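Architecture at a glance
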Amino acid sequence: MHIVHIALQGCLRGHDVEYGITADTGGHIRYLLELVEASALDPAVTRLTLVTRAFTCQFSDIDYGPGAEQVGPNIELIRLPSESPDYLSKEALWQELPSFTDALVTWLDALRDKPAILHAHYADAGEVAADVQARRGIPFVFTAHSLGRSKRKCLEYEGETLDAETLAALTRRIAFEERAIRKAALIIASSRDEAESQYADYDHYAPGKIRVIAPGSHLDEFESARSTPAVDALLAPFLTNPDKPALIAIARPVTRKNLATLVRAFGENDALREKANLVIVAGVRDHIDDLESELADNLHELLTLIDDFDLYGHIAYPKHHAPQDIKALYAWARERRGIFINPALNEPFGLTLLEAAAAGLPLIATDSGGPNDIIEQCGNGVLINPRRAEAIGGEALALLNDPARWQQMADNGRLAVKAFDWQRHVERYHDLLSRLCHPCTGQTLDRVNALLICDIDNTLTGSPVGVLAFNTWYAAQKQLGFGVATGRSFHSALAILSQAGIPYPPLIISSVGSEIHYLNDDGITYRQDTAWREIINRHWQRDALARALDTFDDLLPQGPLEQRAFKLSYLSDDTRDITLRLTTHLKRLRLRATVIHSHGRYVDILPEAASKGRAVAHVRKHLGVDEAALYVAGDSGNDLDMLRASKCSILVANYSDGLAQAPGMGHVYIARAPHAQGVIEGVKHFQSHPPRQPLEDIAS
């Protein structure tokens, strides 16, 4: 398989990248180089080509002109000319796209080994790939890295008045992204936030063709990192007491990285200033005014804030550092029991968070973007609203004052970051590309005469041995369709199934029954059941419900990612029949909704017509499956109505929430085996002993 990556932005080269030399020379280049390096280790990938734009560089002695650069044994970087010979920022690249596309098509036409697929990085490359696909029929995958609508929302939230040039650039960028989203065969996102929140702002949003694959990182060198005399010398001129705990941030000084708010958080908190130092590593520079305007403006703002708060002696902001200094800086901060902070307005993923965690630092990070996934999986930090300086300072001080909590987060991060490696990334990535190039048909539900629908967490998952047994058993069930019904979101469900080693199910009922997706004939993308959306949208007053629950005692909203178009999610430690009290409260306000309480802690508010059970019934009727040939399996309270409403219901042995004793559960088969093996046991039971009487007689 020959994969061609298209990336036009910044100063891309195969070795010794000049990171930070321009505002567009950052993490996406490292992501791309490490991706192709890992891809090249797969024997199925015969050739990898990076295609970028050639230019004359006014601020570097390195040659970025037309030509080829050998990056690895089967990796080549090609620089193609466009109309302008000069380096251009991403905002100005749009005028070069027609001439660059012509050069790319000419290069492709001359190849003997035609690429199986293109992979476009950023909006401008997406526009190029869409044109090449139209002209030569080569499908493309799209990775946005960051999205224009997200940037525009951030700027508008800050109250900035967008000048005509900025507005025009963002408008073009968003238009390119809309076309790429519509035309791409598949979209690779780095986080659930990107897949479920940021892309959802686009007119052509199609969650079923987005896959979340967390980037990998080479973390071994960070795990073994130690401080060095070079780092001591780098920071010593700035700090009066260099042995205090350090808050450390490493980011280019672009507006999105929000470094000024971090300085305010530190400067406004007297106790934090007394307790700790602040270290900001913001790229490499000689003279600030020689930098691009965005970088220069942000550095001037940082220096002004440092002066206004009189932070001299408490803050370090070195002008230069060597690449090997980065891991030593993390180690220097760890040795002082410091914290790594990422205050970005939005962070698509955050490789520096993984590096810091591998080095043994707890994290404080923005709640917008990839940090949600990292901290949720690792349990090694705190999410903050990046616009609230007082919250950043307060969380940092609280963590520094709690040594046991600091140690637990540091230990958690060191262990859990092993899940974020390039080998795991490329395994999923290449599987997706292979499916695109060789569509696998026959996995849909069109010709099944029976259907199994399972909860995921602690029903299908929870036992690796059970998962292996389930996969082997299900592969032999030729007429049995398979689906999952979960409280998780669609992308979270796909991620947990992938981690557990369970193949793509033809049906995913997600968000506690408020969303339904079917696998398409290509065996890789999904389509949403729009008829179900229309059904549950009737009488749904989401905003009114949210206001009504704001003041309800004993409820705490879950994070933004758990809130969906047809689901409001809360936490509650109150076990005093909260379902009845909430239902009564909402009826009193003439608001119609379904209340689901599960695991003694989670509360979901759904449309009146939505639940797992109602979604399962809708799917069964849609597929024409007989009631006696529908098998459902679950383990917790949010499975209750699904289990009650089906004739062939299975409760795995490890069930919770007292389900077996709940009203209307007399007909349920309680398996002796836990997890997925209990599911197999239950299906075999009902296949041997099919129910005969009506469900209402069984349930009574």
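Residues numbered from 1 in each chain as written. Predicted model: local features only at pLDDT ≥ 70, side-chain atom pairs only at ≥ 80, totals over all residues. Heavy atoms only, no water.

1. Considerations on the pairing of strand E15 (residues 450-454)
Here E15 lies mainly inside the structure; five of its five residues are buried. The side-chain alternation of E15 yields two buried faces, one formed by Ala450, Leu452 and Cys454 and the other by Leu451 and Ile453. Alignment of E15 against strand E16 (residues 480-485), held across five bridges, turns out to be parallel. Within the sheet, the bridge partner assigned to alanine 450 lies in E16 and is leucine 480. Two elements, E15 and strand E24 (residues 630-634), share four bridges in a ladder whose sense is parallel. Each residue of the ladder has a partner; that of leucine 452, found in E24, is tyrosine 631. (Buried < 20%, exposed > 50% of the residue type's maximum accessible area, 1.4 Å probe, protein only. Helix = DSSP H or I, 4+ residues; strand = E, 2+ residues; numbered from the N terminus. Pairing = 2+ DSSP bridges.)

2. Re the environment of histidine 15
Within the element layout of this structure, histidine 15 appears in the loop between strand E1 (2-7) and helix H1 (27-39). Between the C-alpha atom of histidine 15 and that of arginine 273, which follows or precedes it by 258 residues, the distance is 40 Å.

3. As for the packing of helix H22 (residues 542-550) against helix H23 (residues 578-588)
Running from N to C, H22 and H23 point in directions that differ by 120°, and their axes come no closer than 11 Å. For the element pair H22 / H23, the angle class is oblique. Remark: the crossing between H22 and H23 carries right-handed chirality. For the pair H22 and H23, contact is made by Leu545, Ala548 and Leu549 and by Leu582, His585 and Leu586, respectively. Among the residues forming the contact of H22 with H23, the class breakdown is five nonpolar, one polar and no charged. (Axes fitted to C-alpha atoms, helices over the stretch in contact; angles between N-to-C directions. Parallel < 35°, antiparallel > 145°, perpendicular 65-115°, else oblique. Left-handed = near helix turned anticlockwise from the far one by under 90°. Contact = heavy atoms within 4.5 Å. Nonpolar A, V, L, I, M, F, W, Y, C, P; charged D, E, K, R; others polar.)

4. Quick notes on the packing of helix H3 (residues 123-136) against helix H5 (residues 164-183)
When two helices pack together, their arrangement is given by the angle between their axes and by how far apart the axes lie. Here H3 crosses H5 at 45°, and the two axes come no closer than 8 Å. Accordingly, the angle class assigned to the pair H3 and H5 is oblique. The handedness of the crossing between H3 and H5 comes out as left-handed. Of the residues in H5, those in contact with Ala123, Asp124, Gly126, Glu127, Ala130, Asp131 and Gln133 of H3 are Arg173, Phe176, Glu177, Arg179, Ala180 and Lys183. Residues belonging to the contact of H3 with H5 are distributed by class as follows: four nonpolar, two polar and seven charged.

5. Comments concerning the sheet that holds strand E6 (residues 140-143)
An order of E3-E4-E2-E1-E5-E6-E7-E8 is seen for the eight strands of this open sheet, with the pairing classed as mixed. The open sheet is flanked by strand E3 (67-72) and strand E8 (210-212), the only strands paired with a single partner. Here the strands of the sheet are splayed against their neighbours by 25° on average, with no regard to which way each runs. Here E1 runs beside strand E2 (residues 47-53); their pairing, made up of five bridges, is parallel. Considered in E2, the bridge of histidine 5 is made with leucine 50. Contacting E1, E2, strand E4 (75-80), strand E5 (117-121), E6 and strand E7 (186-189), H1 runs over the sheet at an angle of about 160° to E2. Across the sheet, helix H2 (residues 97-109) touches E1, E2 and E4, and the angle it forms with E2 is around 155°.

6. A word on helix H15 (residues 389-400)
If you check H15, its first and last C-alpha atoms are 17 Å apart, about what 12 residues at 1.5 Å a residue would give, namely 16 Å. Residues of H15 that are buried include every one of Ala389, Ala391, Ile392, Gly393, Ala396, Leu397, Leu399 and Leu400, and no others. (Expected span 1.5 Å × (residues − 1).)

7. Remarks on the packing of aromatic side chains
Applying the stated criterion across every chain, the model contains 16 aromatic pairs. Measuring from centroid to centroid gives 5.7 Å for tyrosine 31 and tryptophan 422, while their planes differ by 70°, and the two rings are edge-to-face. Placement of tyrosine 31 in helix H1 and of tryptophan 422 in helix H17 (residues 422-437) is noted, with a sequence separation of 391 residues between them. Judged by relative accessible area, tyrosine 31 falls into the buried class, the value being 5%. When its relative accessible area of 3% is taken as the criterion, tryptophan 422 is described as buried. When the ring of phenylalanine 490 is compared with that of tyrosine 526, the centres are 5.3 Å apart and the planes differ by 80°; the resulting orientation is edge-to-face. Taken as a pair, phenylalanine 490 in helix H20 (residues 490-500) and tyrosine 526 in strand E19 (residues 526-528) lie far apart in primary sequence, 36 residues in all. Taken together, the ring pairs in this structure connect Phe55, Phe59, Tyr64 and Tyr87 into an aromatic cluster. Positioned above the aromatic ring of tyrosine 202, the side-chain terminus of arginine 149 is 5.1 Å from the ring centre. A cation over a ring is seen here: arginine 211 above tyrosine 504, with NZ or CZ 5.2 Å from the ring centre. (Phe/Tyr/Trp six-rings, centres within 6.5 Å; stacked < 30°, edge-to-face > 60°. Lys NZ or Arg CZ within 6 Å of the ring centre and 35° of its normal.)

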